[in-house]
Amino acid sequence: MHIFGRKKKIEFPELTLVQVQESRKYNFFAALAKALLLFMLIYGAIGGFLSSLELKYNNGMCMLVLFGLALLLAAVYETEMRWLTNIVSIMVFIFYLYIAVANYWAINNGYYAILNRVYEVARDYLDVGSGMEYALIIEETYATVTMFVLFLGMVGVILMNIMLQNKCSLVKVAFLTLPPYVVPFYFDCSPDLIYILFLLIGYLAVAMLQGGNVREKLSGQMCYILPLAAVLTILIVRTLAFIMPETGYGRAVPKSVAKETSEAGMARFAQYGLTAMLRQGSANAGVSGGRLGNSSVVPTYETVLKVRYTPYDYNPVYLKAFTGKDYLGDMWSKADTDLPDDDIMLTTVENRMRHPEDVQGQGTMIVEKLERTDRFQYRPYYTAAVVPEEPVKNACTYVYYPDVCRTGEVTGEPSDVYLDVPQSCLDAVAKVCEEAGFAGTEEEIAEQIVRYFDDNYSYTLRPGYAFGNPDYISHFLLNSKRGYCAHFASAATMLFRQMGVHARYAEGYAFSYLNVVESGELVEGAEYSDYYKGYSPIGETALIEIEIPDAYAHAWVEIYVDGQGWIVVDPTPAQTSEEETTSFWNAFMTGSGGDTDLEMSESNLGAYLEGTLGGVSYVLLGAAALVLIGLWTVHLVRAFRESKLPGRERVRLEYGRIQSYLGKKHLDYRKLRTLREQIDWVRTHSRLEIDGAQEEALYQVYFAENVDCDCDELCRQLRKMKKALRFSPMRAERR
């Protein structure tokens, strides 16, 4: 070729986009068809789910808003003006964020109202009694469910619009829209027919688009495909309903074996909520033996103990199984049996045994363990040193002297190990003690600590993850300020020790007088005098048997008070207020006992979501930042290395990227074998004008022995060409 012998560098103009005049009119019906498809797919999923649960909400307004959003996105996309599409997409996203932030509590409340309805339907289907219910801030569920539907529907319309624009895949569409039907179908709830038709018409239309391998002018094809899909779907549904009516279907199709095997788990879901199904990252309830955790506790509410005793006052009953001595950061070491504190407890018992019956009582308690592998003994406080022989297998009988009288002197001196505060939490403990201003006697300090936790900390079984493995007590005191009993007991033990009060961590089971009234059962034929004698603050009662579930596992603090010995201090804030003055006989003779619904307060849920999602957000943001930094570093290194290559190699590298991009997007481009064919294809299918000088420059780079063109300028032009190919629409192929 004659250009190979030229000595003068080739000068060529900029690559320019050519405004090709095409006779194309705006197709409103194409935009309308796409909007209908978007709406039917999303609202078919959401509306079908809600109608199957018979939830009330503003259906008309939701349909109008979501269809309007779908029409807006489809109409803007049909203009093929990318700048307008981008601007509208940003505006929709900003509006979506505004809706989410401004109506956070309403949306959150609507979500939990829907969950409560799901639990109710599940309990009715599985014939389960009481169970999990979420407390609602806003009782008007009609408005909150409407707000949640709008919030969820906007997300669905935006995602579905992106999916249909990029690649029409029936699998992806079904993955986004079919899951809401799983729960209603499992519990034999029937959605309204209109929503099922919406979904089936949408699926058939997507399948026809996918089967036709439609990529260009997608919305234009929907003008013809959507009506055809609607007609075919209605005919198919009517035919199937005629061949096999609903009653015939129930007889012909047997019950799923998988469904039968899963009903036990679904019953737990109906009673205890999502936490019973999703237990990853959570610890089981029950006595842990001093092991601490910082994620969450998920009780199963299964019975672990049976206790028989006679109620003697309105205070909680504590059954101690473990005494903690040294705090090790994530656990407590077990108190040594040779420390003098055991003698102090024994002295307390012996002192009370000498009191007359008019000031001190003596009780007998039978504790039966249902889990044979349980290695702990569960003793009521102030038991005799020797445990009598077991009357029945896996049960122990304890004679104890309840804390109804604190007269008399208790001698002994506790070990100073119960004053140790480890360095890992010393700063946090000292800071809290200084800010709170604890002072006074042991009992006054105890009242101040309990009140301080009540005013400044919140109780939750789901405090969230503490990333970075921080100190358990320090994180609770200074950062999270929320947790369950182990958090409060561990932190309070250190606060007492910092103030010079001997304190130790205790763990076991605890149940209140209200638990006895609600769940206890009278044991007929038992003599009161065989199980209790002496002074009782509430008078003569009767023998009660109460089942203790793992949810009653608890942690508390024992402090040493001069003259009284070791006494119980419970620093954990109460979850609910208890009416402790209810007469024992009024409670049991009027039949007011029984199970109550389990409630998880909004504050606990909000704290859980805030802690867990907040921590996860930080991790995701950090990971995203690292990925962006890594990608930018790779880009800089690659650009630096490419700048050191010869001009010919850099031009080939840039043109190779154009070849790779077009080959992925267009199957017919992959079949081209020569440079001439590729350049002609670009001229034919794109709106780019490549002049002869640019073509000759590429031939020089690939085939000439010497290159006289400006390779830096040619590389810049090729990068611009790739960008133009990516963001400019392609011409329809002429057939």
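**Here we look at the overall build of the protein chain**
Working step 1: In terms of regular secondary structure, the protein chain is built from 24 helices and 20 strands.
Working step 2: When each of the 735 residues of the protein chain is scored for burial, the buried share is 45%.
Working step 3: Residue pairs in contact within the protein chain that sit at least 24 positions apart in sequence constitute 78% of those at least 6 positions apart.
Working step 4: Carbon and sulfur atoms make up 57% of the accessible area of the protein chain, which amounts to about 38700 Å² in all.

**Observations regarding the nonpolar core**
Working step 1: Ranked by size, the top nonpolar core spans 61 residues in total, and within it Leu 37, Leu 50, Tyr 57 and Ile 114 carry the most contacts.
Working step 2: Those elements giving two or more residues to this core turn out to be α1 (28-52), α2 (59-78), α3 (82-102), α4 (104-126), α5 (141-166), α8 (193-211) and α9 (218-243).
Working step 3: Top element by residues in this core is α1. It accounts for 14 residues.
Working step 4: Leaving out residues up to four positions away in the same chain, Leu 50 has contacts with Leu 55, Tyr 57, Ile 114 and Val 149.
Working step 5: Among the nonpolar cores identified, the runner-up in size contains 57 residues, and Ala 335, Val 349, Trp 566 and Val 569 belong to it.

**Observations concerning α1**
Working step 1: With 25 residues, α1 extends 35 Å between its outermost C-alpha atoms, agreeing within 8% with the 36 Å of an ideal straight helix rising 1.5 Å per residue.
Working step 2: At Tyr 43, α1 shows its largest kink, close to 30°.
Working step 3: Along α1, 21 of the 25 residues are buried, which leaves the element largely enclosed by surrounding structure.

**Side note on the pairing of strand β16 (residues 544-549)**
Working step 1: Where strand β5 (residues 303-309) lies against β16, six bridges are found, and the strand directions are antiparallel. The partner of Leu 305 across the bridge, within β16, is Ile 548.
Working step 2: Bridge analysis of strand β14 (residues 521-522) against β16 gives two bridges, and the strand direction is antiparallel. Residue pairing across strands places Leu 522 opposite Ile 544, the latter belonging to β16.

**As for the environment of Glu 649**
Working step 1: By secondary structure assignment, the location of Glu 649 is in helix α20 (residues 647-665).
Working step 2: In the structure, Glu 649 is positioned 52 residues away from Val 701 in sequence and 8.4 Å away in space, judged by C-alpha atoms.

**Section: the packing of α5 against helix α6 (residues 170-177)**
Working step 1: Running from amino to carboxyl end, α5 crosses α6 at an angle of 175°, the nearest separation of the two axes being 11 Å. Our classification of the angle between α5 and α6 gives roughly antiparallel. Residue-level contacts link Gly 156, Leu 159, Met 160 and Met 163 of α5 to Lys 172, Val 173, Leu 176 and Thr 177 of α6.
Working step 2: In terms of residue class, the contact of α5 with α6 is built from five nonpolar, two polar and one charged.

**Thoughts on the environment of Thr 144**
Working step 1: Along the chain, the position of Thr 144 falls in helix α5.
Working step 2: As for Thr 144 and Gly 110, which are separated by 34 residues in sequence, their C-alpha atoms are 4.3 Å apart.
Working step 3: Residues contacting Thr 144, with those up to four places away along its chain left out, are Ala 106, Asn 109, Gly 110 and Ile 138.
Working step 4: A distance of 3.2 Å separates the side chain of Thr 144 from the backbone oxygen of Thr 141, its partner in a polar contact.

**With respect to the packing of aromatic side chains**
Working step 1: Tallied over the full model, the rule gives 36 aromatic pairs.
Working step 2: Ring geometry for Tyr 312 and Tyr 532: centres 6.0 Å apart, planes at 10°, overall stacked. Remark: Tyr 532 occurs in strand β15 (residues 532-534) and Tyr 312 occurs in the loop between β5 and β6 (317-327); sequence separation between them is 220 residues.
Working step 3: Owing to a relative accessible area of 2%, Tyr 532 belongs among the buried residues under this scheme.
Working step 4: The interplanar angle of 90° and the centroid separation of 5.7 Å between the aromatic rings of Phe 438 and Tyr 452 together place this pair among those described as edge-to-face. Linking Phe 438 in the loop between α13 (423-436) and α14 (442-456) with Tyr 452 in helix α14, this pair joins segments that are 14 residues apart in sequence.
Working step 5: Linked through ring pairs, Tyr 309, Tyr 312, Tyr 400, Phe 511, Tyr 528 and Tyr 532 together constitute an aromatic cluster.
Working step 6: Taking the ring centre of Tyr 77 as reference, the NZ or CZ of Lys 34 above it sits at 4.2 Å.
Working step 7: A cation over a ring is seen here: Arg 504 above Tyr 418, with NZ or CZ 5.7 Å from the ring centre.

Definitions and cut-offs
- Residues numbered from 1 in each chain as written.
- Predicted model: local features only at pLDDT ≥ 70, side-chain atom pairs only at ≥ 80, totals over all residues.
- Heavy atoms only, no water.
- Helix = DSSP H or I, 4+ residues; strand = E, 2+ residues; numbered from the N terminus.
- Buried < 20%, exposed > 50% of the residue type's maximum accessible area, 1.4 Å probe, protein only.
- Contact = heavy atoms within 4.5 Å.
- Areas by Shrake-Rupley, 256 points an atom, 1.4 Å probe, with all protein chains shown as cover.
- Core = buried A, V, L, I, M, F, W, Y, C linked by side-chain atoms within 4.5 Å.
- Expected span 1.5 Å × (residues − 1).
- Bend = angle between axes of the 7 residues up to and from the residue.
- Pairing = 2+ DSSP bridges.
- Axes fitted to C-alpha atoms, helices over the stretch in contact; angles between N-to-C directions.
- Parallel < 35°, antiparallel > 145°, perpendicular 65-115°, else oblique.
- Nonpolar A, V, L, I, M, F, W, Y, C, P; charged D, E, K, R; others polar.
- Polar contact = N/O pair within 3.5 Å; in protein donor to acceptor, adjacent residues only side chain to side chain.
- Phe/Tyr/Trp six-rings, centres within 6.5 Å; stacked < 30°, edge-to-face > 60°.
- Lys NZ or Arg CZ within 6 Å of the ring centre and 35° of its normal.

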